[in-house]
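# Overview (structure and organization)
What follows is each chain in one-letter form.
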Amino acid sequence: MTRTSLGTGLLFVAAALLSAGVAEAQTKPTGQTKSKRGETVLTRPRPEVDPLGIRVGSFLLFPKLTLEQSYNDNIYATNDDETDDFITNIRPEVSLESDWTNHALALAAGLDQGLYFSNDNADYTDWFTRATGRLDVTRDINVQGGAGFKRAHEDPDDPNFGGGEYPEYYFQTDAFLRYNQQFGRFLATVDGTFARLDYENAKGGIQNQDRDINIFQGGVRVGYEFQPNYQAFVRASGNRRVYDTTPDDAGRTRDSSGYAVVTGLAVDLTGVLFGDVFVGYREQFYDNSEEDDFSGPTFGLSLGWNVTPLTTITARVEQTIQETTDNNASAYVLTVGSLSVDHELLRNLLLNANGSIGEEDYEGDSRTDMIYTAGFGIRYLMNRHFYASLAYRFSERDGDNSTDDYSQNIVRIGLEGQF
């Protein structure tokens, strides 16, 4: 399947959902739905089971501990000689959130310890810290910002994974700043982000430090509400990607710069249908003329549809340019479309079904990989302090190189305690 045919198919599905959602919103009598703007079955408040937190002055402290047991029938994501195992995850987390009338501040930190029953070489320890805030300058102006630092690992199903039996760790430092201002029917947003990825060399001789990279991005978006609940917008953005090691261990220079210009429509129909859809054009230029540049159309959408007060359908399409360790390609264009259905069977029993299709199209190489996922989940809210969950996920990679193909089944059961 080509990038064009995949994109056309995803946009066709999105248009069908958008048309159905608009029709539903226009015919639903006022007051029939309990949904507020932007709320879904999963995100709406549930006062009888939501955690109350611990009061700390003008802040609320939310400690949480998740214990999860899973079974993976192909932990190394290989196409033969598959290895299965049981994995225990221990995830303590704490967040501190302000309870102010104006402005906002939130701090969070957490740990994820993954322990394999038989293959302890694959054990991993991830952690993160993060701070975000909002400054309400006036009724029409606010400034948002945040920064984070984390240690994470790449899973064997990542296309850049080196193929060993040990986790491949990296440190990520990131920050963002966003300015929002309302001018009557106009809304302007200016934002900038920074991310630095520092890779560790993995046990087993896999060298990753030539992947260390700094990524700078910025953009401007201007929207106009041409009628209530409908906003047309344009957005222009640019990026710069700079590696520490130039050239890398393969003798290649992968530094690049790029831009994207898109136009779209944002809708918010009284909580029934909300989100945006856009199309545009993007280019990515490489400092080394031997690397293949990328140029072409881009598109995306994020739509939520509260079909009934008990059911939400969420559709997303995203296209990004990803860095690659493939020595035959400058980068790959990742296009992913996903569909998720959430249903409130009981007030404290939530069901989910989801699926996605993705395409990795490598620039400068004929390689094109397809990725398919499907799954379901059940979440039982026992009371304010304890939640239980059960989930299943199937994933499959179908690529030009059969040695990279795999299928994987994962079953998870978890218990979460919080205050």
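Here the residue numbering is sequential within each chain, running from 1 through the sequence in written order. This being a predicted model, a pLDDT of at least 70 is required before a residue's local features are given, and a value of 80 or more before pairs of side-chain atoms are given or counted; all residues contribute to the totals for chains, interfaces and linings. Only hydrogens and water are set aside when side-chain values are computed; all heavy atoms of the structure are taken into account.

Let us look at the nonpolar core. Listed in full, the eight residues of the largest apolar core are A152, Y170, A195, L197, Y199, I213, I215 and Y243. Numbering of helices and strands runs from the N terminus, with a helix taken as a DSSP run of H or I at least four residues long and a strand as a DSSP run of E at least two residues long. Looking at this core, the elements that each hand over two or more residues are β8 (186-199) and β9 (213-227). Here this core gets three residues from one element, more than from any other, and that element is β8. Those residues in contact with Y170 that sit more than four places away from it in its chain are K150, R151, A152, H153, E154, L197, D198 and Y199. Nonpolar cores were defined as sets of buried Ala, Val, Leu, Ile, Met, Phe, Trp, Tyr and Cys residues, with membership established by side-chain atoms within 4.5 Å. We call a residue buried when its accessible area falls under 20% of the maximum for its residue type, exposed when it is over 50%, and partly exposed in between, using a 1.4 Å probe and counting protein chains only. Throughout, a residue-residue contact means that at least one pair of heavy atoms, one from each residue, lies within 4.5 Å.

A side-chain nitrogen of Lys or Arg and a carboxyl oxygen of Asp or Glu constitute a salt bridge if their distance falls within 4 Å. If you walk through the whole model with that rule in mind, you get 23 salt bridges. Across the salt bridge formed by E344 and R44, the nearest N and O atoms sit 3.4 Å from each other. Remark: R44 occurs in the loop between α1 (3-27) and β1 (54-56) and E344 occurs in strand β15 (residues 331-346); sequence separation between them is 300 residues. Residue R44 is classed as buried on the basis of its relative accessible area, which comes to 11%. Across the pair R134 and D136 runs a salt bridge whose closest N-O atoms are separated by 2.8 Å. A relative accessible area of 30% means that R134 is categorised as partly exposed. A single salt-bridge network, built from bridges that share partners, covers R44, R46, E48, E344 and R347.

Another aspect to go through is a nonpolar patch on the surface. Patch construction takes residues with relative accessible area above 30% that form no salt bridge. Like charges are linked within 9 Å, and nonpolar side chains (Val, Leu, Ile, Met, Phe, Trp, Tyr) are linked within 5 Å. Using a 1.4 Å probe, accessible areas were evaluated by the Shrake-Rupley method; residue-level cover was limited to the displayed protein chains. The grouping of Y179, F183, F186, V190, V220, V222, Y224, F226 and V234 at the surface amounts to a nonpolar patch, some 750 Å² of accessible area in total. Sorting the residues of the nonpolar patch by element identifies β7 (168-183), β8 and β9 as the ones contributing at least two each. At four residues, β9 tops the list of elements feeding residues into the nonpolar patch. Mapped onto the elements, V190 comes out in strand β8.

This next bit is on the confidence of the model for the protein. Low pLDDT marks stretches whose predicted atomic positions should not be read closely. Taken over all residues, the pLDDT of the protein has a mean of 89, while the share at 70 or more is 91%. Segment residues 24-34 is flagged for pLDDT under 50; beyond a separation of four residues in sequence, or across chains, it makes 14 contacts in the model. Residue-level confidence of the predictor, termed pLDDT, takes values from 0 up to 100.

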